[in-house]
Amino acid sequence: MVTISFDIVTNDICKAWDKSGKSTIEKLIQNRIDEGSTIYNWIGKTKDLRQIIYELTYQTLLGRCKAENFNLLVSSFKEKDENFCSDVVDVWSLIDAELSTIDERKKMKDKFIQLVSSFKDSIDAALLKERFDVETLKELKLIGDTKTFQQKYIKTKTRLFYKQQKFNLLREEMEGYSKLIAELGDLNEKRIKPEILLEIIKSLIGCFNIDPNRVLDLLLESFECHPEFSKSIFVPVLREYLQLCERSTLCHLVGFKFSHYQKTSSTPSSLYIVAALLIQNDLVNLRDLLLHLTPDDESLKTKWNKYVDEVKEEARRSTIMILNPQDKKEDKENKAKVDEIPPNQKFGLCEALLKIGDWKHAVEIMEMFEPNQVLAQKSISLALCQLLHYTIDPLYNRKSPGYRSTCPSMPAYHVTSKRVTNYPDLLADNCTIFDMLLQLGCKTSLDPGLLVKVIRIGKNFFSEYYASPDEERPKLKRIFGNMLGLVSHVILPSLSLLLCNANVSFEVWGLMKLLPYQIRYRIYGDWKNECYDSHPELMLARAGVIDKTKYIMRRLTKENVKQTGRQMGKLSHSSPCILFDSILSQIQRYDNLIGPVVDALKYLTDLTYDCLAFCIIEALANPQKERMKHDDTNISNWLQSLASFCGNILKKYSIELSGLLQYVGNQLKAGKSLDLLILKEVVQKMSGIEISEEVTNDQLEALHGGELLKAEAGYFGQIRNTKKSSNRLKDSLLSQNLALPLCILMAQQRTGIVFTESNDMHLKLMGKLADQCHDTLVQFGNFLSIQLGSDEYNKRFPSIEVLTSQYHTPPDAAFFLTKPMYQYQIATKYDELRKQERSKPKMTNGNSSSSSSSSNDKTQRYIAASEAVIGPLSQQVHQMHDSKIWLDISPRFYTTFWTLSLYDLQVPNNAYEREIAKVKQSIVALDNDSHDGRKRREKERFEALIIKLKDEEKKQEEHHNRVKARMKHERQQWFLAKTTKNDTITKFLQLCIFPRAIFSALDAVYCSKMIHMLHQLKTNNFSTLLCLDRIFTDISYTIASLTENESSRYGRFLCCMLGIIKKWHADKSLYEKECGNFPGFVTVLRANAGNGATKADQLDFENFRHVCHKWQYKLTKAIVVCLESQEFCQIRNALVILTKILPFFPAVTSLASALEKRIDKIRTEEKEKRPDLFALAMGYSGLLKGRKNALVPEHVFHNKSQPKSAASGSTTVKTPTSTATDKKTSSSSNHNRSKSKESKSSSGASKRKSEDKREKTPKESSKSGDSKSKDSKDGGGGDSTTSSGSKKSTMHPPKSSSERDSKRRKVDPTTTTSSTADNSSKESSSSRNSHGGSEKRKEEEKRDGSGKRSISKERKRELPSPTQSSTDSKRYRAENGSAVSRHSKEKDGGKTRRSDGKSKKDHHGAAVADVKKRTKFEQGSCRSSHLNH
């Protein structure tokens, strides 16, 4: 029985041959072939190829495996490995010997012969003849006769080994070569010296006549076997040997050796090493040797260009969408690979040069070819990495002592080059570290250890560079520049080829974070836009990242954010810029991806977040993107989406903001305000502070409370949830010193939008940009005032004098920015005064008045502190305007007005109560739930919040009382009225109310409260009635000059004012209480009246109701003018204002119907042309219809006709309506109304001319009576008549002769509502001197009746500008001196003065001349609207 052990080819494998046995044996054989196992290195190895063939042969002989299966196996591997058949025959020759000698196995000899015979077609017969003995060959019938074959074998052997081929003409003796080989084969640098070896060689050549060239060849052969003796033996010997012959001989001999291997197998590495050592020691010229190497340069370049083209095509196909399934790319095996280029002797020589450390000649070869072509070979790149490891290792060990070095060992023949130990060594003449690294480029990724070494060395250098004094930095400047080059062209490109290596990414960020963001972003730009095009492998990497990113984004949803985020994180480690560029491009198209993408980006590293910030800025600054939509009236969707993404991503993740903020600042400096949308979104998302015109009344009320109330109820979001992000934004602004520059640039850009950007800009877009700029300024200023401490804010912001004079900041913005400073300064001064008083000895008084005295002390202390701060500030403010301005308004009042806020004027008790009630409800809800630890802590927080809110309310109450006491103390100095009351109110509105009312919604409410406060304080020289009349009379040009958001704020201001008026209008007792004895409602004003007005000087309740109707009418008329203007901005602004004042206007049914007709007309006309106007009109129309139940008829709103007894009670009162209307006046007014109705269809100019003609009729002149007098006029009687006629839709108020006379007077006429109170006082004075008692009252009644329409043209009266104040003052004094004589003269004259047509035409333009000074924006808008009218 044959006993053979089968360890590999077992019986089970043979039984299951078809199922699994064949594949198992094939894998084993393939593994042995891949490992390079041949028949010559079997010793000491198990499961080698020999054993597999051995066992498989015996299994076949034993019948357990079919011979056909064995044959097929050999045939399949014959094609894969050319030496496989030779290995099989070698094993068979061993088995043949066993079968011939072992008795137990001799019986299998016949089966073996049959098996080998079946392989005749698979195995070459020459192999069998070479390996088997003669007997076996005979049995195989490969030879005929054994004896004949043996004879032939002997003859052939003799011919090959014993017969000399040629006659030795040089008489060489073989003994000489034998001795030479013996000497060269037993080399030892300790035993033999180069000089001795050279003498032995010379002796052998001379003694045995051997060929010197063959001796040189034997020297090279020995050199190949012992390259470690190159420096000690071979190089000196060859250098001396070549002095005896031509130097080119050695080059030709080495070239001949290379030529020998060009036609056979690959060139051995030993020959490359020898050639490299000869080149390094200048024994062989590099270029001479390259002529002997293959292939030629042109073919190499051609193959490289073909490879690059294939890579570009592959990259292009990876980034495009193929719709045809048949054309979709497959996983092709023929992908372009540099390593598949056939054996290349030139590149092999370059590799050998790098292995021995000869960078000089290696780079010479690299420069002969295309960039990156040589180093595209992996073996060459690894050799260069090994050389760099060896060179920089001393520097790495010295600068990074905490890390373990992994420097590879160099071979003995490596020529030791200069190693780097210090940073100055990097710039040595013989140091080529930077050159080697730059040449290696992205291929540094093949050795991550080397890459990390370079990163850590760079990180240490940058740390030392930025920590060194400024005088030492120039010495390191060159190294600094080279280090930046390494980061840009080596480190980051190598990172792109490292797939998902987060550790290297963290190492890179440790280096990058030491650099300022300007340098980092420049490096990122080079990495993204240049590096990927410099190397084929980077092209493929970029294409792969883009393809994978598209795959991920197509499958991104809210449900799979976590899984998708991990995939994004893996991609971001290697190529973050490419990833984010693709993601941002899709976000700009589809804004619904913003939320999922922001959530998915939580797996990024710090480096990738920094790259994201750069990619965002690059996307924003893309010049190829159109920032406007095709209609040029709206911002593009991509910019809005990108801004929203910025706000969300910067809030959620810790990303540096400096670059983005600086970009916005640079855009503002360049006069481009579109990118303010970015800043607005960032501040809103990161701080929770939002500026919205849709803020509710409850929120608005909470916003003028304390900081806690603001945070809890003032915004749509919770500010307390944005504490971390707010601090990050604040730190970024302060670290880059951008807080003040951004504020100043935004303040300047508000007017710059109109005069710089608006050349080719649509008016609608210009208004949007102006609103955006203004809102962002307010939002940003509020953020700074909240986040910066008071002390920090006071230090960083300059005084208002610097802002206005040096930075040319408009006054409203300057006061807005400096307001927190003054509040802090007052509080600081208050604390100082309190400390001073505490240090003084206390007086012992009774305890009964201690609390009141303490309160008074606090108030006086606050007044003193305010005086110390506001006093010097008033002097600075004095330089902001012309000196004539301050003749009517004192700088003290101007400063007080702009430095106070709504927080100072009113305490929002209702808001505090609502918030406290809400918190209590939350506590009740927590009590109803289970009592766990978290809810207990939440309850404690709520309870503490209630206490804080109550304390804050109390604190604000105390502060409000102090401010009110301060205002009472200062009120005597506010309005100087050195010219006329008309000028005083004009300047007050022009410099204070109008600029601040449109600054913010909170300021709009503040303005209304301030006017109310001035009235309540009984401020000297302040006419509340005159101010209200100016506010409500003819607002059409004001509306035309506003933007959309300004209209909303102006409408809120009007709404608050109308609310105050409605409160007085609805309750007579309240009116008598709050207005009856107040100087603001004096109708006859004297130059020196003071507080000495009598009851007869006051406007009674019923006449006030008449005035209210007049104001309703004036508002209606002005709005109708805007609605009928066909101008987009005027119509839009009018609709916005109507929506805001809807709670109080219109209040009369007839006026509402007139407005409704115009609104319906707009709805019909603008439905297709301007949908946005249509939407506004539809919204307002629905709201107006819902409020119809609250409207009242005109006779309910005010009494149209008063009894004579009521009128006779007022002797010298100038009421807005007639107090005694006779029949003649009534018929005259009806006659005028009929004429007005007939001329309704004519133009505005023709209307005014026709009205002038009607007024010049003798009939009306005779009915005018005393209205011919210069000083006899009435403010609103005509409006009563006109209002009654408004049922006939007559919207044009009639004119009176007194109004025509007013244009010729030196000082504007004054009526209760005509804004000219001074002349009324003069009229009263003159009338009292010329008439007396009841006769005077009767004459005044007649005069009032005839002149009751004089107010109808007051909206057209020219507002006096501040520059006219001096002239008006002189006129005022002159008129006071001759009031009586002029009055009597005018009565006797009996002639009615008429206004010329020119003054009628230009009355609106003159009125705007004063108002336009508040901003240049209004000036431009007024001109355009004037042209439209």
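The structure presented is a predicted model; accordingly, all values stated were derived computationally and were not measured.

So, how was this worked out
- Residues numbered from 1 in each chain as written.
- Predicted model: local features only at pLDDT ≥ 70, side-chain atom pairs only at ≥ 80, totals over all residues.
- Heavy atoms only, no water.
- Helix = DSSP H or I, 4+ residues; strand = E, 2+ residues; numbered from the N terminus.
- Buried < 20%, exposed > 50% of the residue type's maximum accessible area, 1.4 Å probe, protein only.
- Contact = heavy atoms within 4.5 Å.
- Areas by Shrake-Rupley, 256 points an atom, 1.4 Å probe, with all protein chains shown as cover.
- Patch = residues over 30% accessible without salt bridge, like charges linked within 9 Å, V, L, I, M, F, W, Y side chains within 5 Å.
- Salt bridge = Lys/Arg side-chain N within 4 Å of Asp/Glu carboxyl O.
- Lys, Arg positive; Asp, Glu negative; His and termini not counted.
- Charge placed at Lys NZ, Arg CZ, Asp CG, Glu CD.
- Axes fitted to C-alpha atoms, helices over the stretch in contact; angles between N-to-C directions.
- Parallel < 35°, antiparallel > 145°, perpendicular 65-115°, else oblique.
- Left-handed = near helix turned anticlockwise from the far one by under 90°.
- Nonpolar A, V, L, I, M, F, W, Y, C, P; charged D, E, K, R; others polar.
- Phe/Tyr/Trp six-rings, centres within 6.5 Å; stacked < 30°, edge-to-face > 60°.
- Lys NZ or Arg CZ within 6 Å of the ring centre and 35° of its normal.
- Core = buried A, V, L, I, M, F, W, Y, C linked by side-chain atoms within 4.5 Å.
- Polar contact = N/O pair within 3.5 Å; in protein donor to acceptor, adjacent residues only side chain to side chain.

Caption draft 1: Layout of the overall build of the protein. Helix and strand counts for the protein come out as 70 helices and zero strands. By the burial criterion, 55% of the 1429 residues in the protein qualify as buried. Restricting to contacts in the protein with at least 6 residues of sequence separation, those with at least 24 account for 79%. Accessible surface computed for the protein: about 65100 Å², of which carbon and sulfur atoms make up 50%.

Caption draft 2: Expanded view of a negative patch on the surface. A cluster of acidic residues, Asp110, Asp133, Glu135 and Glu139, forms a negative patch on the protein surface. Position of Asp133 relative to the elements: it lies in the loop between helix H7 (125–131) and helix H8 (134–139).

Caption draft 3: Main features of the pattern of salt bridges. Summed over all chains, the structure comprises 47 salt bridges. Between Asp791 and Lys795 there is a salt bridge, with its nearest N and O atoms 3.4 Å apart. Note that Asp791 and Lys795 are positioned in helix H39 (residues 790–796) at a spacing of four residues, about one turn of the helix. According to the relative accessible area criterion, Asp791 is partly exposed, its value standing at 36%. Between Arg796 and Glu792 there is a salt bridge, and its shortest N-O distance comes to 2.4 Å. Separated by four residues within a single helix, Arg796 and Glu792 lie in helix H39, roughly one turn from each other. Overlapping salt bridges, with partners in common, bring together Glu867, Arg892, Arg966 and Glu970 in one network.

Caption draft 4: Region of the structure containing a nonpolar patch on the surface. Taken together, the side chains of Leu160, Phe161 and Tyr162 make up a nonpolar region of the molecular surface, amounting to roughly 430 Å² of accessible area. Locating Leu160 in the fold gives a position in helix H9 (residues 146–161). When its relative accessible area of 57% is taken as the criterion, Leu160 is described as exposed.

Caption draft 5: Structural view of the packing of helix H22 (residues 448–467) against helix H24 (residues 502–512). Running from N to C, H22 and H24 cross one another at 20°; their axes reach a closest spacing of 8 Å. On the basis of the axis angle, H22 is roughly parallel to H24. Along this stretch, H22 crosses H24, giving a crossing that reads as left-handed. Between H22, through Leu451, Val452, Ile455, Arg456, Gly458, Lys459 and Phe462, and H24, the contact on the second element is made entirely by Val504, Glu507, Val508, Gly510 and Leu511. Its residues placed into classes, the contact of H22 with H24 shows seven nonpolar, two polar and three charged.

Caption draft 6: Region of interest: a positive patch on the surface. Taken together, Lys562, Arg566, Lys570 and Lys602 make up a surface patch of like positive charges. One can find Arg566 in helix H27 (residues 561–574). Arg566 sits in the partly exposed class, given a relative accessible area of 44%.

Caption draft 7: How the structure looks around the packing of helix H51 (residues 1044–1066) against helix H53 (residues 1101–1123). Two elements in contact, H51 and H53, have axes separated by 10 Å at closest approach and are oriented at 145°. Both H51 and H53 take part in a crossing whose hand is left-handed. Each of Leu1058, Ile1061, Trp1064 and His1065 in H51 lies in contact with H53, whose residues at this interface are Phe1101, Phe1104, Arg1105, Cys1108, Trp1111, Gln1112 and Leu1115. A breakdown of the residues in the contact of H51 with H53 according to their chemical character gives eight nonpolar, two polar and one charged.

Caption draft 8: Here's a closer look at the packing of aromatic side chains. Following the criterion strictly, the structure yields 49 aromatic pairs and no others. Summarising the aromatic geometry, the rings of Tyr609 and Tyr653 are spaced 5.2 Å apart at their centres and angled 25° between planes, so their arrangement reads as stacked. Of this pair, Tyr609 sits in helix H30 (residues 606–620) while Tyr653 sits in the loop between helix H31 (637–652) and helix H32 (658–669); the two residues are 44 residues apart in sequence, bridging distant segments of the chain. Here the aromatic rings of Phe975 and Phe988 are separated by 5.7 Å at their centres, their planes lie at 80°, and the arrangement is edge-to-face. Of this pair, Phe975 sits in the loop between helix H46 (933–970) and helix H47 (981–997) while Phe988 sits in helix H47; the two residues are 13 residues apart in sequence, bridging distant segments of the chain. Across the pair, exposure class does not vary: Phe975 and Phe988 are buried alike. Through a chain of ring-to-ring contacts, the aromatic side chains of Phe815, Trp886, Phe893, Tyr894, Phe897, Trp898, Trp974, Phe975, Phe988, Tyr1006 and Phe1022 assemble into a single cluster. Seen from the ring of Tyr390, Arg419 lies directly overhead, with NZ or CZ sitting 4.0 Å from the centre. The ring of Trp638 has Lys625 sitting right over it, with the charged end atom 5.5 Å from the ring centre.

Caption draft 9: Main features of the environment of Gly1076. Looking at the secondary structure, you find Gly1076 in the loop between helix H52 (1068–1074) and H53. What makes Gly1076 buried here is its relative accessible area of 2%. C-alpha of Gly1076 to C-alpha of Asp1100: the two residues are 24 residues apart in sequence and 7.3 Å apart in space.

Caption draft 10: Spatial organisation of the side chain of Ser658. Structurally, Ser658 is set in helix H32. The buried category is assigned to Ser658, whose relative accessible area is 2%. Leave out the neighbours within four places in its chain, and Ser658 touches Tyr517, Ser732, Ser735, Gln736 and Leu738.

Caption draft 11: Spotlight on unusual backbone geometry. In this chain, Thr294 is followed by Pro295 through a cis amide linkage whose omega measures -10°. Position of Pro295 among the secondary structure elements: in the loop between helix H16 (286–290) and helix H17 (297–318). Cis geometry is found at the peptide bond from Phe1145 to Pro1146, where omega equals -5°. Among the secondary structure elements, Pro1146 is positioned in the loop between helix H54 (1128–1140) and helix H55 (1149–1169). Positive phi values are uncommon outside glycine, yet Lys141 reaches one of about 60°.

Caption draft 12: Inspection of the nonpolar core at higher detail. Judged by nonpolar contacts, the single largest core of 320 residues is most densely connected at Leu349, Tyr524, Phe645, Phe988 and Phe1053. Beyond its immediate stretch of four places on either side in the chain, Tyr524 contacts Leu492, Trp509, Met512, Cys577, Leu607, Asp610, Cys611 and Phe614. Among the nonpolar cores identified, the runner-up in size contains 45 residues, and Phe6, Trp17, Cys65 and Leu127 belong to it.

Caption draft 13: Here's a closer look at the side chain of Ser874. Positionally, Ser874 belongs in helix H42 (residues 850–877). Here Ser874 falls in the buried class, since its relative accessible area comes to 7%. A polar contact of 2.8 Å, which involves the side chain of Ser874, links it to the backbone oxygen of Ile870. Ignoring sequence-local partners within four residues, the contact set of Ser874 consists of Pro891, Arg892 and Thr895.

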